[in-house]
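Fold and geometry: a report
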Amino acid sequence: MGKATDFRYNTGATRVPWAAVGENYNAHDLMEIIRFLMQGEGPEYEAAINAVWEQVEKLDKLSTPPGKLTTATQVEAAEEACNAYLGTDSSTFVTNATSGFEIAYKYANLKAGDEVIVPAITFVATMAYPLAIGAKLVFADVDPKTINMDPADVARKITPKTKMIVPVHIGGYPVDLDPIMELARKHDILVLEDAAHAFGAMYKGRKIGTIGDFAAFSFHEVKNVTSFGEGGIATTNIPGFAPEMKRARFLGMDFSAPIKNWLYNITPIPGKEHPFVAANYSTTEIQGLGLKLQVARNEEIIEARRRAAEYLTNRLSVNDAIIPQDLGNEDIKPTFHLYLLQIDPEKAGGDVQTLKKKLEEKGVTNIPHFGPLYRFKVVSDMGYDPDEIAKTCPVCEEVFYKRFTHLPIYGLSEEQLEYMADAILESVAEMQAGK
Ligand SMILES: *Cc1c(COP(=O)(O)O)cnc(C)c1O
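First things first, this report covers the structure right here in the doc.

Calculation criteria
Residues numbered from 1 in each chain as written. Predicted model: local features only at pLDDT ≥ 70, side-chain atom pairs only at ≥ 80, totals over all residues. Heavy atoms only, no water. Helix = DSSP H or I, 4+ residues; strand = E, 2+ residues; numbered from the N terminus. Rg over C-alpha atoms; globule rule 2.2 N^0.38 Å. Buried < 20%, exposed > 50% of the residue type's maximum accessible area, 1.4 Å probe, protein only. Contact = heavy atoms within 4.5 Å. Areas by Shrake-Rupley, 256 points an atom, 1.4 Å probe, with all protein chains shown as cover. Lys, Arg positive; Asp, Glu negative; His and termini not counted. Charge placed at Lys NZ, Arg CZ, Asp CG, Glu CD. Axes fitted to C-alpha atoms, helices over the stretch in contact; angles between N-to-C directions. Parallel < 35°, antiparallel > 145°, perpendicular 65-115°, else oblique. Left-handed = near helix turned anticlockwise from the far one by under 90°. Nonpolar A, V, L, I, M, F, W, Y, C, P; charged D, E, K, R; others polar. Near = heavy atom within 4 Å. Polar contact = N/O pair within 3.5 Å; in protein donor to acceptor, adjacent residues only side chain to side chain. Pairing = 2+ DSSP bridges. Right-handed = clockwise from strand over helix to strand, strands pointing away. Patch = residues over 30% accessible without salt bridge, like charges linked within 9 Å, V, L, I, M, F, W, Y side chains within 5 Å. Salt bridge = Lys/Arg side-chain N within 4 Å of Asp/Glu carboxyl O. Core = buried A, V, L, I, M, F, W, Y, C linked by side-chain atoms within 4.5 Å. Expected span 1.5 Å × (residues − 1).

1. What to know about the overall build of the protein chain
When its secondary structure is counted, the protein chain shows 16 helices and 15 strands. Compactness check: the protein chain gives a C-alpha radius of gyration of 24 Å against a globular reference of 22 Å for 435 residues, within 12% of the reference. In terms of its C-alpha atoms, the protein chain occupies a principal-axis envelope of roughly 85 × 65 × 40 Å. The buried share of the protein chain, taken over its 435 residues, is 50%. Counting only contacts in the protein chain whose residues sit at least 6 apart along the sequence, the fraction spanning at least 24 positions is 68%. Total accessible area on the protein chain is roughly 20900 Å²; 56% of this is exposed by carbon and sulfur atoms. Charge-centre separation for the protein chain: the mean point of 44 positive side chains lies 4 Å from the mean point of 59 negative side chains.

2. Brief notes about the packing of helix 3 (residues 73–86) against helix 9 (residues 285–295)
Helix 9 packs onto helix 3 with a crossing angle of 30° between their chain directions and a minimal axis gap of 7 Å. In this view, helix 3 runs roughly parallel relative to helix 9, as classed from their interaxial angle. Read as a crossing pair, helix 3 and helix 9 show a hand that is left-handed. On the side of helix 3, the interface is formed by T73, Q74, V75, A77, A78, A81, C82 and Y85, while helix 9 contributes E285, G288, L289, L291, K292 and V295. Classifying every residue of the contact of helix 3 with helix 9 by side-chain character gives nine nonpolar, three polar and two charged.

3. Comments concerning the site of the ligand
Of all residues adjacent to the ligand, which total 17 residues, the nearest are T98, D194, H197, S218 and K223. The backbone of A97 places a nitrogen or oxygen atom 2.8 Å from an oxygen atom of the ligand. T98 places a polar side-chain atom, nitrogen or oxygen, 2.5 Å from an oxygen atom of the ligand. Surface burial for the ligand is 94%, taken as the share of its 380 Å² of free accessible area covered by protein chains.

4. Quick notes on the environment of A234
Among the secondary structure elements, A234 is positioned in strand 9 (residues 232–236). Relative accessible area serves as the criterion here: at 1%, A234 is assigned to the buried category. Note: C-alpha distance between A234 and H197 (37 residues apart in sequence) is 13 Å. When sequence neighbours within four positions are dropped, the list of residues in contact with A234 reads S90, S91, T92, V94, G100, A215, A216 and M245.

5. Things to note about the pairing of strand 3 (residues 136–140)
Of all five residues making up strand 3, four are buried, and the element is well covered by its neighbours. One ladder, built from five bridges, connects strand 2 (residues 115–119) with strand 3; its direction is parallel. The partner of P119 across the bridge, within strand 3, is A140. Between strand 2 and its parallel partner strand 3, the chain crosses via helix 5 (residues 128–133), and the hand of that crossover is right-handed.

6. Comments concerning helix 15 (residues 394–403)
Regarding helix 15, the residues found buried are C396, E397, V399, F400 and R403. On its buried face, helix 15 sits against strand 12 (322–323), strand 14 (339–343), helix 11 (345–348), helix 12 (352–361), helix 14 (386–391) and strand 15 (404–407).

7. Let's talk about the pairing of strand 15
Residues F404 and H406 point to one face of strand 15 and T405 and L407 to the other, with burial holding for every one of them. The pairing of strand 14 with strand 15 spans four bridges and is classified as antiparallel. Within strand 15, the position partnered with Y339 by the bridge is L407.

8. A look at the sheet that holds strand 15
Spatial ordering of the open sheet is given by 12-14-15, a layout of three strands whose pairing is antiparallel. Looking at strand neighbours, the two that pair on one side only are strand 12 and strand 15, the edges of this open sheet. Alignment of strand 12 against strand 14, held across two bridges, turns out to be antiparallel. Considered in strand 14, the bridge of I322 is made with I343. Together, strand 12 and strand 14 form the strand contacts of helix 10 (residues 298–316), whose direction differs from that of strand 14 by roughly 15°.

9. Focus: a nonpolar patch on the surface
There is a patch of nonpolar side chains on the surface, built from Y25, L30, I33, F36, L37, M38, F228 and I286 and spanning about 880 Å² of accessible area. No other element matches helix 1 (residues 27–37), which puts four residues into the nonpolar patch. Note on placement: L37 falls in helix 1. Judged by relative accessible area, L37 falls into the partly exposed class, the value being 49%.

10. What about the pattern of salt bridges?
One pass over the full model with this rule turns up 26 salt bridges. For E303, the salt bridge identified is with R306, shortest N-O distance 3.0 Å. Linking E303 with R306, this pair stays in helix 10, spanning three residues, or about one helical turn.

11. Re unusual backbone geometry
Among all residues save glycine, negative phi is the norm, and among peptide bonds the norm is trans. In this structure, N109 is a non-glycine residue whose phi angle is positive, near 55°. Relative to the assigned elements, N109 resides in the loop between helix 4 (97–107) and strand 2.

12. Brief notes about the nonpolar core
In terms of nonpolar packing, the biggest core is built from 52 residues, with Y105, F139 and F241 touching the most fellow members. Sorting elements by how many residues they give to this core places helix 4 first, with six residues. If sequence neighbours within four positions are ignored, F241 has contacts with I103, Y107, F214, T236, I269, P270 and F276. In this structure, A78, Y85, L291 and I301 belong to the second largest nonpolar core, which totals 38 residues.

13. Comments concerning helix 3
Taking 1.5 Å of rise per residue, the 14 residues of helix 3 would be expected to cover 20 Å, and the 20 Å separating its terminal C-alpha atoms lies within 8% of that figure. Looking only at helix 3, the buried set comprises V75, A78, E79, C82, N83, Y85 and L86.

Structural data, given as structure tokens:
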């Protein structure tokens with residue numbers, strides 16, 4: 001019998017085995033997967049595919065399929081790789097960062113009326129669960145330098161109802177966590193790090209995602225590393241909660257004390273005030289394998305991104321209307337997921353909307369992640385007043401409408417990087433000349 005980690009067993013050698021999986025993937029399926037992951041056309045490509053096809057057919061006769069397709073040795077190996085990389089023992093591979101956040105929110109026993117402080121600028125995933133259950137979102141203003149949550153504004157917005165603070169390391173640039181952790185400890189508030197962009201970032205010698213009470217990294221296809229398009233790692237510092245987080249990932253399965261005549265028990269997951277019911281955020285073995293392989297090269301990925309950021313920052317520093325991405329220091333080591341480009345509208349003779357238009361005309365893609373959350377319809381339809389909230393987030397309003405955009409930074413050739421730097425410098429010079 002296989003290891004009891006979920007209800008589908010690999011029964012191994014026996015007269016009548018209970019297959020661990022349903023229909024397996026065959027040689028034809030595998031070829032389609034290879035074609036999908038390595039696309040191409042033309043006679044040379046087709047010849048290479050045919051050569052692989054022949055060998056895969058041979059392999060099909062010589063090989064056995066994996067005993068399990070979900071949550072087994074590959075997922076564990078990915079978690080171990082993340083544990084070693086992050087210096088934690090709690091890595092839990094889940095469907096995506098959003099589900100990692102849900103486990104933390106459920107642990108906090110978040111309910112309608114409780115308050116959660118989130119930054120005004122982030123991706124909707126940060127606030128989806130609190131919004132869905134009717135908890136009150138309180139939007140913290142951002143630090144104009146980093147566009148991350150401003151700890152001073154968090155301090156102003158804490159009330160007796162504040163249950164969680166959710167710092168988001170935007171673009172992989174670490175939030176100033178010390179003052180946030182201090183506030184949280186003082187007021188008995190849980191901290192959930194949205195580390196979606198920050199796998200491998202460092203804050204004062206510690207890995208981001210290991211400092212708050214909970215954190216989740218994203219391995220969605222647009223992030224620095226991926227697990228076949230979707231995936232997340234959740235971590236926790238709550239004493240004793242790491243094994244519970246694994247059960248929180250899979251419906252609360254408890255194999256340690258099965259009920260009579262059955263294989264397992266289903267038990268609730270301990271929460272801060274009372275236990276909660278688990279959901280299903282399990283991932284596949286293929287995703288586990290995919291993550292393990294990319295984690296192994298994450299340092300190289302960050303280094304390549306850092307070099308590109310350094311190039312842009314050096315080039316852009318010649319015009320003092322441009323505020324280039326901060327490259328970090330001994331205490332702050334970003335992942336350079338996005339390149340944060342800012343301008344000083346007064347010195348530039350115009351705001352970032354003009355710059356964005358000029359860059360687009362020159363063929364430079366710029367992705368202004370992220371809009372102020374309180375501008376979305378789903379927020380106003382839940383009873384929030386965007387204009388009132390905007391008054392409490394003046395820096396967010398200023399930087400979003402006038403000062404920042406994000407630039408692509410990975411997988412670009414030297415020529416493309418050079419062209420992008422030239423285009424930015426030219427565009428700002430045009431603005432300064434009133435063109
Ligand atoms: C991508 C992203 C998420 C969500 O990640 P998923 O893995 O897709 O759930 C959360 N927060 C931020 C800031 C993100 O960019």
